[in-house]
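Residue strings, one per chain:
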Amino acid sequence: MSYAAQKFLEDAAVKSADLAHREVIRRALDSYDAAHLRGRSRIHDWEAARQRCQEIKREAINHLDRYLLQFEEKVIAHGGHVFWAADAQEACDYISNLATSRGVRTVVKSKSMVTEEIQLAPALEKAGITVWETDLGEYIVQLRNEPPYHIVTPAMHLNRRQISELFKEKLGEEVPGDDPAELVALARRTLRRPFFSAEMGISGANFLVADSGAIAISTNEGNGRLCTSVPRIHVAVTGIEKVIPRLEDLAVLWPVLATSGTGQGITTYSTLIGGPRRPGEADGPEEFHVVLVDNGRSALLADPEQREVLHCIRCGACLNICPVFRNVGGHTYGTTYQGPIGSVLTPHLRGREFEHLSYASSLCGACTSVCPVKINLHHHLLRNRRNTAAAGDTKWSERMMFRAWRHAMLHPRIYALGGWLGRKTLRALYGLGLAGSIVDPMRVWNLRRSPLPLPKESFRSLWRKSLGRRGLGKKGLGRKDLGSNDL
Amino acid sequence: MQRKVSLFVPCYMDQLLPEVAMDTVKVLRRIGCEIDFPSDQTCCGQPAFNTGYWNEARPCAENFLRVFKDAEVVVCPSGSCTTMVRSFYPELLAAGALHEEAIALGKRTFELSEFLVKVVGITDVGAAFPHSVTYHASCHGLRELQLRDEPLQLLRKVSGLKLLEMLRFDECCGFGGTFATKFESISVAMGTSKAESIAVTGAEFVTAIDSSCLLHVQGILGRSGAKARTIHLASILAQEKP
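Note that the structure is predicted; figures quoted are calculated from it, not measured. (Residues numbered from 1 in each chain as written. Chains lettered and ligands numbered in written order. Predicted model: local features only at pLDDT ≥ 70, side-chain atom pairs only at ≥ 80, totals over all residues. Heavy atoms only, no water.)

Draft legend 1. Region of the structure containing the overall build of chain B. The helix and strand tally for chain B stands at 13 helices and 8 strands. Each of the three principal axes of chain B carries a C-alpha extent, and together these read 50 × 45 × 30 Å. Going through the 242 residues of chain B one by one, you find that 67% of them count as buried. Looking at chain B alone, contacts between residues at least 24 apart form 80% of all its contacts between residues at least 6 apart. Summed over all atoms, the accessible surface of chain B reaches about 7,900 Å², with 51% contributed by carbon and sulfur. Each charge class in chain B can be summarised by its mean position, and for the 24 positive and 27 negative side chains these summaries are 4 Å apart. (Helix = DSSP H or I, 4+ residues; strand = E, 2+ residues; numbered from the N terminus. Buried < 20%, exposed > 50% of the residue type's maximum accessible area, 1.4 Å probe, protein only. Contact = heavy atoms within 4.5 Å. Areas by Shrake-Rupley, 256 points an atom, 1.4 Å probe, with all protein chains shown as cover. Lys, Arg positive; Asp, Glu negative; His and termini not counted. Charge placed at Lys NZ, Arg CZ, Asp CG, Glu CD.)

Spelled out as structure tokens, the structure:
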């Protein structure tokens, strides 16, 4: 078992039992659920909108080569620069070198999960550059020296009391009554100075519009616009899968992203940036760079069976509905992308060490039912599992067990005998009070569940003896005690 | 009209819950079905399939296709095992000679409530169950087979039954096959949430179309000393009017 898998199991056990954590997450997600439902009801035909979004993303991903080149050509024509980064290292090096060569000492960042994925902030700090996260949630987790808890709401796991204490400790100001508006005002005041002193602003991009060479950004706090327009240099870091064919595609993608992300009709700020400041324009950066990050994505693109995973628009809806996420929380995953999409994607991006995440799901499919671009998330978990088993990355004992199991299932008599013997053995063990003990093969099941019912006869045996020939009488062979545990 | 039905009993039900399979037989006979139970059936292969062992699951699927080859209609008291046949066999057998046959058999295989409501067109099967019951929508039935209302239609026609709605009735109970033991802590936490939702309804029974979910939920309820008990939909429908 990999270190990451071991850690996941340990953290999951702790978080699953942490009722205070569960309460905070439930409260946050209950309000999301209500907003999401309201938001969906505002869209005339939600299913048609999802269908359209899926088609747009499918077209974009299936012709990624063409649309990315078209996007690059337009950006260059507008006076911007495009850098193709094969991996995290190349992306970080490009941005660090750019910053160093331009004498950048302070960077302001708006929210971007790709920058988390490539670990950009630590790379810049290593080059002696100060990095300010300016999205409120990101700023809070930066002050706590933590990764984002959730791809859309990075500080979802904290209540205002905790945030107030954090601000008091780190910013030296006390907010009476932990008033949320005052807490926001304090963060705003603190962030104002770096906004105007930073030489470089770094943003992500929600979409790259191929036909117009613009990046589209959805934010709610206005920090994104300050990051991308005040500093001298703007660098947009983004995954290659974010490209969409046409500007008009935003007409459906923007509201669908906002609805799935937060339940809003559209985010407060929906920004399109087409390049650096042009002569005569009042503001905007002197330099505009787009860093297109591959970092494992083209390997996924090469797989026709699973390439639709690249359709993801990072709305977070699958995390919010996921009962596993609701119980273990975001940090337990130990990944940049949490929840179902993270469990599907991370084994592809980061390899074997994260294969356990494909198994950390009951396969309930709630994620798939809400995905606004209709990624068949839970079926991709199954395919990941198949790949893991095929690569021989599962436990030897498990492989042997399933081999024996197959043998039994192909020989009905062995199956029936095995079942009979199994029940008889367990009945004997449990009769001795050994359920859940070290000799109990069902020990893990029985740790915190009452034992399975162990009838003397299987259905097939009953059928053979009587059911098949006689019909069931009025009383039949029915239960002794309705609803009893012996059933 | 006498309908010929081939009964597919999930392996865990065969071994652990024969009563539920018997109740299924009872209900189907009551509405006039003639039942055949092909004795060479074993497991549909889902445990191996879901754990990634498709090479182990595939022969089970092939065996299933052989066993039920001549069946006019296959009925199964499980949404999950029906899903395996209808939704996953075509993918599992995509490369083989049996692909078409798998798709065809999937179209003839029905979960019990689906068979009663959609195929036979009956919602009142003449059952009586004078108890309060809440319904848990098992994931595979709900999201793979799109069975949202069928089980409820049947429950509403059961004489004396008081149906109580559960908050988050469509949230997974946390069973998930091997997930239940591989990630025991998460599975139990999910089961505990479900048990809390059940308790809030005050119902005497919680029902579902899948015994696998119910075994897990019963395990949690049993340990917590909760008042509610689990009962498969077939076992409610099998209770005859006096």
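More follows now that the structure is in view.
Draft legend 2. Representation of the overall build of chain A. The helix and strand tally for chain A stands at 23 helices and 10 strands. For chain A, the exposed area adds up to about 21,400 Å²; of that, 54% sits on carbon and sulfur atoms. Charge centroids of chain A, computed over 65 positive and 52 negative side chains, lie 12 Å from each other.

Draft legend 3. Looking closely at unusual backbone geometry. All names here are of chain A. In the Ramachandran plot, Asp-178 falls in the positive-phi region, its phi being about 50 degrees despite a non-glycine side chain. Examined against the element boundaries, Asp-178 turns out to sit in the loop between α9 (160-171) and α10 (180-197). Exposure remark for Asp-178: the relative accessible area of 12% places this residue in the buried category. Residue Asn-295 is not a glycine yet carries a positive backbone phi of 50 degrees.

Draft legend 4. Molecular detail of the interface of chain A and chain B. Each partner contributes to the interface: chain A provides 77 residues, whereas chain B provides 77 residues. Buried area between chain A and chain B, summed over both chains or domains, comes out near 6,700 Å², and the portion from carbon and sulfur atoms is 60%. The largest contributions to the chain A side of the interface with chain B come from A:Arg448, A:Arg449 and A:Phe459, which together make up 11% of the buried area. The interface formed by chain A and chain B includes 8 salt bridges. The salt bridge partner of A:Arg26 is B:Glu196, with a shortest N-O separation of 3.9 Å. Here chain A is connected to chain B by 27 residue pairs in polar contact (both at pLDDT 80 or more). Each residue belonging to the side of chain A that touches chain B can be placed in one class, and the counts come to 36 nonpolar, 19 polar and 22 charged. (Buried area = accessible area lost by both parts, 1.4 Å probe. Salt bridge = Lys/Arg side-chain N within 4 Å of Asp/Glu carboxyl O. Polar contact = N/O pair within 3.5 Å; in protein donor to acceptor, adjacent residues only side chain to side chain. Nonpolar A, V, L, I, M, F, W, Y, C, P; charged D, E, K, R; others polar.)

Draft legend 5. Structural view of the sheet that holds strand β3 (residues 74-76) of chain B. Residue and element names in this part refer to chain B. One open sheet holds the 4 strands; their spatial order is β2-β1-β3-β4, and the pairing between them is parallel. Every interior strand has two partners, whereas the edge strands, β2 (33-36) and β4 (109-111), have only one. Neighbour to neighbour, the strand axes of the sheet diverge by 35 degrees on average, direction disregarded. Sheet topology places strand β1 (residues 3-7) next to β2; 4 bridges connect them, and they run parallel. Bridge assignment links Arg-3 to a residue of β2, and that residue is Cys-33. Across the sheet, helix α5 (residues 79-92) is in contact with β3 and β4; its angle to β4 comes to roughly 155 degrees. The strands touched by helix α6 (residues 99-108) are β3 and β4; relative to β4, the strand with the most contacts, the crossing angle is about 40 degrees. (Pairing = 2+ DSSP bridges. Axes fitted to C-alpha atoms, helices over the stretch in contact; angles between N-to-C directions.)

Draft legend 6. Looking closely at the sheet that holds strand β6 (residues 162-164) of chain B. Residue and element names in this part refer to chain B. Strands sit in the order β6-β5-β7-β8 across an open sheet of 4 strands; the sheet is parallel. Two strands in the sheet have a free side with no partner beyond their single neighbour: β6 and β8 (229-232). Across the sheet, the axes of successive neighbouring strands diverge by a mean angle of 35 degrees, strand direction being ignored. For strand β5 (residues 132-135) and β6, the ladder comprises 3 bridges, and the chain directions are parallel. Residue Val-133 lies in a different strand from β6, and its bridge partner there is Leu-163. Most of the contacts of helix α12 (residues 211-224) go to β8, to which it runs at about 170 degrees, and overall it touches β7 (205-208) and β8.

Draft legend 7. Summary view of the pairing of β5(B). Residues and elements named next belong to chain B. Here β5 shows no split at all, with Ser-132 and Thr-134 on one side and Val-133 and Tyr-135 on the other all buried. One ladder, built from 3 bridges, connects β5 with β7; its direction is parallel. By the bridge assignment for β7, Thr-134 is matched with Val-206.

Draft legend 8. Representation of a nonpolar patch on the surface. On the surface, a cluster of nonpolar side chains totalling about 310 Å² of accessible area is made up of A:Leu417, A:Trp420 and A:Leu421. Along the chain, A:Trp420 turns up in helix α21 (residues 412-431). (Patch = residues over 30% accessible without salt bridge, like charges linked within 9 Å, V, L, I, M, F, W, Y side chains within 5 Å.)

Draft legend 9. Looking closely at the domain arrangement of chain A. Domain boundaries in chain A define domain 1 (42-298), domain 2 (313-390) and domain 3 (396-481). Between the C-alpha centres of domain 1 of chain A and domain 3 of chain A there is a distance of 56 Å. (Domains from an automatic or database assignment.)

Draft legend 10. The side chain of B:Gln15, seen in detail. For B:Gln15, the position within the fold is in helix α1 (residues 11-16). Among the polar contacts made by the side chain of B:Gln15, one reaches the side chain of A:Arg423 at a distance of 2.3 Å.

Draft legend 11. Structural detail: the packing of aromatic side chains. Evaluation of the coordinates by the stated rule reveals 22 aromatic pairs over all chains. Look at A:Phe459 and A:Trp463: their rings are 5.9 Å apart centre to centre, the planes differ by 40 degrees, and that puts the pair in the tilted class. Of this pair, A:Phe459 and A:Trp463 both sit in helix α23 (residues 459-467), 4 residues apart, which is roughly one turn of that helix. Across this residue pair, the class does not change: A:Phe459 and A:Trp463 are buried. Through successive ring pairs, a cluster of aromatic residues spans A:Phe8, A:Tyr149, A:Phe325, A:Tyr333, B:Phe179 and B:Phe183. Looking at A:Arg449, its charged tip hangs above the ring of A:Trp445, at a distance of 4.3 Å from the centre. In this structure, B:Lys182 packs its charged tip against the face of A:Tyr359, placed 4.3 Å from the ring centre. (Phe/Tyr/Trp six-rings, centres within 6.5 Å; stacked < 30°, edge-to-face > 60°. Lys NZ or Arg CZ within 6 Å of the ring centre and 35° of its normal.)

Draft legend 12. Up close: the packing of helix α2 (residues 18-30) of chain B against helix α7 (residues 112-120) of chain B. All names here are of chain B. Interaxial distance between α2 and α7 falls to 11 Å at its minimum, and their mutual angle equals 10 degrees. With respect to their mutual orientation, α2 and α7 come out roughly parallel. Residue-level contacts link Thr-24, Val-27 and Leu-28 of α2 to Leu-112, Phe-115 and Leu-116 of α7. Broken down by class, the residue content of the contact of α2 with α7 amounts to 5 nonpolar, 1 polar and no charged. (Parallel < 35°, antiparallel > 145°, perpendicular 65-115°, else oblique.)

Draft legend 13. Quick peek at the packing of helix α4 (residues 54-67) of chain B against α5(B). Residue and element names in this part refer to chain B. Close contact between α4 and α5 brings their axes to 10 Å; oriented N to C, the two are set at 115 degrees. The crossing of α4 and α5 is left-handed. Contacts between α4 and α5 involve Trp-54, Ala-57, Arg-58, Cys-60, Ala-61, Phe-64 and Leu-65 from the first element and Val-85, Tyr-89, Glu-91 and Leu-92 from the second. Grouping the constituent residues of the contact of α4 with α5 by class yields 9 nonpolar, no polar and 2 charged. (Left-handed = near helix turned anticlockwise from the far one by under 90°.)

Draft legend 14. The pattern of salt bridges, seen in detail. Going through the model one piece at a time under the given rule, you end up with 32 salt bridges over all chains. One salt bridge connects A:Arg161 with A:Asp178, and the closest N-O pair in it is separated by 2.6 Å. Of this pair, A:Arg161 sits in helix α9 while A:Asp178 sits in the loop between α9 and α10, and the two are 17 residues apart along the sequence. Among the ionic pairs, B:Arg86 bridges to B:Glu114, the shortest N-O distance being 2.8 Å.

Draft legend 15. Structural view of the environment of B:Met190. Its place among the elements puts B:Met190 in helix α11 (residues 184-201). Taking the C-alpha atoms as reference, B:Met190 lies 10.0 Å from B:Ile220; in sequence the two are 30 residues apart. In this structure B:Met190 touches A:Pro323, A:Val324, A:Asn327, A:Ser362, B:Cys172, B:Cys173, B:Gly174 and B:Phe179, once residues within four positions along its chain are discounted.

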